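Single-letter residue listing:
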Amino acid sequence: MGKLNIAPTKSNLLSLKRQLDFAEEGYDLLEQKRQILIFEMMSRLSRARDAEQTVAEALRKAFNALREARIDGGSKAIDDATLAVKMDHRVDISDQHLMGMKIPHLTVQTEPVSAQFGVGGTSANIDIAMSRFVEVLPMLAELAELGNAVVRLAQELRKTQRRCNALSKIFMPDYRETINYIMGSLEERERESFVILKMIRDRLEQPPVE
């Protein structure tokens, strides 16, 4: 903490008090924002962990089906079959607004597998694997969205925390110390002025010397 280099005047005292009040209001708002960011980040982090497990399990089933398909017909048959497949999946990105931040929101639209995949002479496990991999796409989009949101919320939380620390540990203590110093200086001046006025009054009240 350190006293500001400012003249101890009443006008400066009033100005500092107004600035301190404004800083305290700003700190309260930042602290509320910090609490909301923590809640939002932890909520999305918990959902991201659940999504990771869901994606891992879905991918495990998809790769198991792909492995069975390779056992049934070999890798070349799978490669040849997949070259014949044309599917139109789409990812739409929009913005979610939170505490002045823009967080991307992903929406995945997948084309039904049954309408596109039907190659003769292939194993049924190819259809199963394709279906399972397509099912994972929305899950991966959700996981990516949550992971991105957690990172952005963490970054914003760090910035908010730095601002809170600057106000609570530097700005406001310095202003309070300066206000106390100015108030003390003004009180000392008032006491000195009172003493001087009293001395003048006492002298004026003394009878003239003959």
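Structure shown above.
Residues numbered from 1 in each chain as written. Predicted model: local features only at pLDDT ≥ 70, side-chain atom pairs only at ≥ 80, totals over all residues. Heavy atoms only, no water.

Peer 1: Please set out the overall build of the chain residue by residue, giving values where relevant.
Peer 2: The secondary structure content of the chain amounts to three helices and two strands. Reading the helices (α) and strands (β) of the chain from amino to carboxyl end gives α-α-β-β-α. Taken against the 2.2 N^0.38 rule, which gives 17 Å for 210 residues, the C-alpha radius of gyration of the chain at 36 Å runs more than 25% over that of a compact globule. If you line up the chain on its principal axes, its C-alpha atoms span 140 × 25 × 20 Å. Considering only contacts in the chain between residues 6 or more positions apart, those separated by 24 or more positions represent 78%. Approximately 14,100 Å² of the chain is accessible, and the part contributed by carbon and sulfur atoms is 56%. (Helix = DSSP H or I, 4+ residues; strand = E, 2+ residues; numbered from the N terminus. Rg over C-alpha atoms; globule rule 2.2 N^0.38 Å. Contact = heavy atoms within 4.5 Å. Areas by Shrake-Rupley, 256 points an atom, 1.4 Å probe, with all protein chains shown as cover.)

Peer 1: Break down the packing of aromatic side chains for me, with residues and values.
Peer 2: Inspection of the entire model under this criterion finds two aromatic pairs. On the basis of an interplanar angle of 20° and a centroid distance of 4.2 Å, the ring pair of Phe-171 and Tyr-175 is categorised as stacked. Of this pair, Phe-171 and Tyr-175 both sit in helix α3 (residues 124–205), separated by four residues, roughly a single helical turn. According to the relative accessible area criterion, Phe-171 is partly exposed, its value standing at 28%. (Phe/Tyr/Trp six-rings, centres within 6.5 Å; stacked < 30°, edge-to-face > 60°. Buried < 20%, exposed > 50% of the residue type's maximum accessible area, 1.4 Å probe, protein only.)

Peer 1: Which residues make up the side chain of Lys-33, and what values do they have?
Peer 2: Within the secondary structure, Lys-33 sits in helix α1 (residues 10–73). With relative accessibility at 13%, the residue Lys-33 sits in the buried group. Polar contacts involving the side chain of Lys-33 include one to the side chain of Glu-156, which spans 2.7 Å. Those residues in contact with Lys-33 that sit more than four places away from it in its chain are Met-99, Glu-156 and Thr-160. (Polar contact = N/O pair within 3.5 Å; in protein donor to acceptor, adjacent residues only side chain to side chain.)

Peer 1: Now, about the nonpolar core: what can you tell me, with residues and values included?
Peer 2: Counting twelve residues, the largest nonpolar core is built from Leu-13, Leu-16, Leu-20, Ala-23, Leu-30, Cys-164, Leu-167, Met-172, Tyr-175, Ile-179, Ile-182 and Leu-186. Counting only elements with at least two residues in this core, the list comes to α1 and α3. For this core, the element with the highest residue contribution is α3, accounting for seven residues. If we skip the residues at most four places from it in the chain, Ile-182 touches Ile-6, Ala-7, Pro-8, Thr-9, Asn-12, Leu-13 and Leu-16. Counting residues in each nonpolar core, the second largest holds ten residues, with Leu-98, Val-150, Leu-153 and Leu-157 among its members. (Core = buried A, V, L, I, M, F, W, Y, C linked by side-chain atoms within 4.5 Å.)

Peer 1: A description of the side chain of Arg-34 should follow, citing residues and the corresponding values.
Peer 2: Along the chain, Arg-34 turns up in helix α1. For Arg-34, a relative accessible area of 18% puts it in the buried group. Dropping the residues within four chain positions of it, Arg-34 is found in contact with Leu-157, Thr-160 and Gln-161.

Peer 1: Could you give an account of α1, with specific residues and numbers?
Peer 2: In a regular helix each residue adds 1.5 Å, so 64 residues correspond to 94 Å; α1 covers 91 Å between its end C-alpha atoms and thus fits that length. Two residues or fewer past α1, Gly-74 is found with a positive phi of approximately 90°. (Expected span 1.5 Å × (residues − 1).)

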